[in-house]
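If you want the building blocks of each chain, they are given just below.
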Amino acid sequence: MNIIELRGINKVYGTGDNQVRVLKDVNLDIEAGDFVAIIGQSGSGKSTLMNILGCLDTASSGNYKIAGENVAGMTPDQLATLRSQYLGFIFQRYNLLSTLNAEENVELPAIYSGLKHQERQTRAEALLSNLDLGNRIDHLPSELSGGQQQRVSIARALMNGGDIILADEPTGALDSKSGENVMAILKTLNDQGHTIILVTHDKNVANYANRIIEIKDGVIISDERKKPNKNSAQDYHPKDDNRNSFAYLKDQFTEAFKMSIQAIKAHKMRSVLTMLGIIIGIASVVSVVALGKGSQEKILADINSMGTNTIVIMPGHGFGDRNSSKYKTLTVHDSDLLARQSYVDSATPAVSSSGTLTWQNISVTAQLQGVGEQYFDVKGLKSEEGRFFNREDVKKGSAVVVIDQNTKNKLFPNGGDIVGSTIIFNRQPLKIIGISEKQNANFGPSDTLTMWSPYTAVMNRITGDRNISSITVKVKDDVSMTAAEKNIIRFLTVKHGKEDFFTVNTDSIRQTIESTTGTMRLLISCIALISLVVGGIGVMNIMLVSVTERTREIGIRMAVGARRSSVLQQFLIEAVLICIIGGFIGVLFAFGIGLFFSLFVKTFTLSYSAASIFLALACSTLIGVIFGYIPARNASRLNPVDALCD
Ligand code: ADP
Ligand code: MG
């Protein structure tokens, strides 16, 4: 029974004038169970023939049948399956993967053929023990002698059965004793029924074989049988490909994942440098977003401290209106009428006056706000000492005043009996009845001295004016702000005969701020995103270099049966893993930046959201996929023979 049939095989390298025909119309049949040596001088085409036999390379023309299957026209993946099912390779230079130990190297073909984890481990250990390597199972190739490495590679060739073992100069790199040992092993394997095809330039090595074929300049010049093929009665059994089950895919993924981690560990420095771009990108995205969010939260907290569901009515046509101070349209009467509306909880008029404040020999400029008794509630002010004025004070227009911390510090640096003292504002005496606690500074710290008196007192005693500077309306809880605002506008417009005032509500301020900080954040995030993309390009760059550097590894994987998709998956996982690890480190860096920031800025902190961190990690995964794809595809498109011969 012929396991291999070659008919009219030609191999041509190069094109045009540089064309070389390395194999010329080769016809060859090899029986199952035979031991064949192919000999010839260097450059005669032995390796080229071997690579075609091993489905690592394709012939330029001719027909090749292996185990009855026609190889011509098979896709790269079908060839990989064929290699995995029938073929085991032994190379002159062993071709073990340097990052995997002996057992992992032996397991490799079974990973790609889909043997279960436990079974392949047991089998790999058994094979190694049979070859006297039982005590070298977890050694790396670099920790093994040449002879030992070649035995590991024999075990690897046997892992999936190795019906046909192809050995290209297996003793070429070994001393004579190790060489004899390897040949003895091959002899034993042949006795057990394996078909062995050996390439050598050494007559002594060839003498182990049953049949010796000599090749010269790509032509078979002699074909001699020395011994009969004891296994000639042997048949081969077509094998099933069971490599598409879910368990297989899952196992492939886990293994590719493990190998990626090994590859990353094996090149620590390079991995870290690859990650650097991602680390910087992610750290800046996350901390910029956190900074934006932190400052927005701070501003919103300030707005909330102004009191929610309040609407402020002011004279004029808006904040930008230069003539607004000339408008004398709002009156206490307006405020009283508004207070009686069904949707209004309370309405407080306010006047404001700035002037000179005097206490003993200190004279400073201060702001005096004339407000109603609800003012302190609405603004959420607390008293530190004394009390706030009440309805009675407002009704009577009592000459009392509540001072803030700035005023207290300025006038009474040494403390003392502050409450009860009488200060002079614009030549009018005012008795201090209370001190307010430090307020949340609205929009940054302010050093204005602020005091509050009943609006009646301010209007009667200080400004002498019937008009007020604003009305603060507190809307009832169950009333919508927009409806209330509309009603107020309608009511006052009817009363005044024209709209000579404008309204501001905290909601609209909040919306403006949210939209402006939102825009800012978007802008900064875009910049940070660009840095991420740059990081991604860095990853791609280094992965591309790494693929060229690792062509031999890729060739070995393909020789032992890895399909293109497995190689693609492996490199893609590596790229994604690098990006995710980079992303994690980036997030940690961002927290570090926040910590550092909090040492210097006390007024607000960076606010990290789970969403932004999740998004950052998702982003880095995506970058790994996008920028890892091209290098991974390049790796998977390599021709196994080119990858091995580099
Ligand atoms: P052997 O293994 O018998 O020493 P090879 O099969 O490696 O010989 O090479 C046979 C001939 O084919 C040599 O002349 C070599 O230069 C040529 N050759 C091998 N591979 C290539 C290639 N990829 N491109 C061009 N020429 C090649
Ligand atoms: Mg060769």
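Note that the structure is predicted; figures quoted are calculated from it, not measured.

## Brief notes about the packing of helix α3 (residues 102-113) against helix α4 (residues 117-130)
No. 1: At a closest axis distance of 9 Å, the pairing of α3 and α4 adopts a crossing angle of 125°. Regarding the angle of α3 to α4, the classification is oblique. Our pair here, α3 against α4, has a crossing hand that is right-handed. Across from A102, E103, V106, E107, A110 and I111 in α3, the residues of α4 making contact are R120, Q121, A124, E125, L127 and L128.
No. 2: Of the residues in the contact of α3 with α4, the class split is seven nonpolar, one polar and four charged.

## Quick notes on the domain arrangement of the protein
A common measure of how large an interface is: the accessible area buried when the components associate.
No. 1: Split by domain assignment, the protein resolves into domain 1 (2-243), domain 2 (256-300 + 512-644) and domain 3 (328-499).
No. 2: Taken together, the contact pairs 24 residues of domain 1 with 21 residues of domain 2.
No. 3: Buried surface at the junction of domain 1 and domain 2, summed over both partners, amounts to about 2,000 Å²; 61% is from carbon and sulfur atoms.
No. 4: Counting the surface domain 1 buries against domain 2, the share from its top three residues, L56, L97 and Y112, is 29%.
No. 5: For the interface between domain 1 and domain 2, the tally reads zero salt bridges.
No. 6: Where domain 1 meets domain 2, there are six residue pairs in polar contact (both at pLDDT 80 or more).
No. 7: Counting residues per element, the ones that place at least two in the side of domain 1 that touches domain 2 are α2 (76-86) and α3.
No. 8: Among the elements that make up the side of domain 1 that touches domain 2, the one with the highest residue count is α2 (six residues).

## Here we look at the pattern of salt bridges
No. 1: Scanning the model with the defined rule gives 20 salt bridges in all.
No. 2: A salt bridge links E384 to K408; the shortest N-O distance between them is 3.2 Å. Placement of E384 in strand β14 (residues 383-386) and of K408 in helix α13 (residues 405-411) is noted, with a sequence separation of 24 residues between them.
No. 3: By sharing partners, the salt bridges in this structure join E107, R120, D251, E255 and K258 into a single network.

## Focus: the site of ligand 1
No. 1: Near ligand 1 you find Y13, V22, Q41, S42, G43, S44, G45, K46, S47 and T48, and these make up its full shell.
No. 2: Take G45: an N or O atom from its main chain is 3.1 Å from an oxygen atom of ligand 1.
No. 3: Protein chains shield 55% of the accessible area of ligand 1, which is 550 Å² for the free molecule.
No. 4: Tallied by class, residues from the shell around ligand 1 come to two nonpolar, seven polar and one charged.

## Let's talk about the UniProt feature "transmembrane region" (unreviewed entry) in the protein
No. 1: Per the UniProt annotation, the sites labelled "transmembrane region" (unreviewed entry) are residues 272-292, 522-547, 571-600 and 606-630.
No. 2: With 100% helix and 0% strand, residues 522-547 has end C-alpha atoms that lie 37 Å from one another.
No. 3: Across residues 571-600, helical content stands at 100% and strand content at 0%; the span's end C-alpha atoms are separated by 44 Å.

## A short note on the sheet that holds strand β7 (residues 164-168)
No. 1: Pairing in this open sheet of six strands is mixed, and the strands run β6-β7-β8-β3-β9-β10 from one edge to the other. The open sheet has two free edges, formed respectively by β6 (87-90) and β10 (219-225), since each of these has just one partner strand. Strand-to-strand twist in this sheet, taken as the mean axis angle between neighbours without regard to direction, amounts to 15°.
No. 2: Sheet topology note: the strand β9 (residues 211-216)/β10 ladder contains six bridges and is antiparallel. By the bridge assignment, R211 is partnered in β10 with R225.

## Overview of the sheet that holds strand β4 (residues 61-66)
Hydrogen bonds between backbone groups are what pair the strands of a sheet, and the pairing can be parallel or antiparallel.
No. 1: Spatial strand order, β2-β1-β4-β5: four strands in an open sheet with antiparallel pairing. Two strands in the sheet have a free side with no partner beyond their single neighbour: β2 (20-31) and β5 (69-70).
No. 2: Note that strand β1 (residues 2-13) and β2 share eight bridges and pair antiparallel. The residue of β2 that forms the bridge with V12 is R21.
No. 3: Lying on the sheet, helix α1 (residues 46-53) is in contact with β1, β2 and β4; it crosses β1 at an angle near 125°.

The rules we used
Residues numbered from 1 in each chain as written. Chains lettered and ligands numbered in written order. Predicted model: local features only at pLDDT ≥ 70, side-chain atom pairs only at ≥ 80, totals over all residues. Heavy atoms only, no water. Axes fitted to C-alpha atoms, helices over the stretch in contact; angles between N-to-C directions. Helix = DSSP H or I, 4+ residues; strand = E, 2+ residues; numbered from the N terminus. Parallel < 35°, antiparallel > 145°, perpendicular 65-115°, else oblique. Left-handed = near helix turned anticlockwise from the far one by under 90°. Contact = heavy atoms within 4.5 Å. Nonpolar A, V, L, I, M, F, W, Y, C, P; charged D, E, K, R; others polar. Domains from an automatic or database assignment. Buried area = accessible area lost by both parts, 1.4 Å probe. Salt bridge = Lys/Arg side-chain N within 4 Å of Asp/Glu carboxyl O. Polar contact = N/O pair within 3.5 Å; in protein donor to acceptor, adjacent residues only side chain to side chain. Near = heavy atom within 4 Å. Areas by Shrake-Rupley, 256 points an atom, 1.4 Å probe, with all protein chains shown as cover. UniProt positions renumbered as here; feature names shortened; annotations may be inferred. Pairing = 2+ DSSP bridges.

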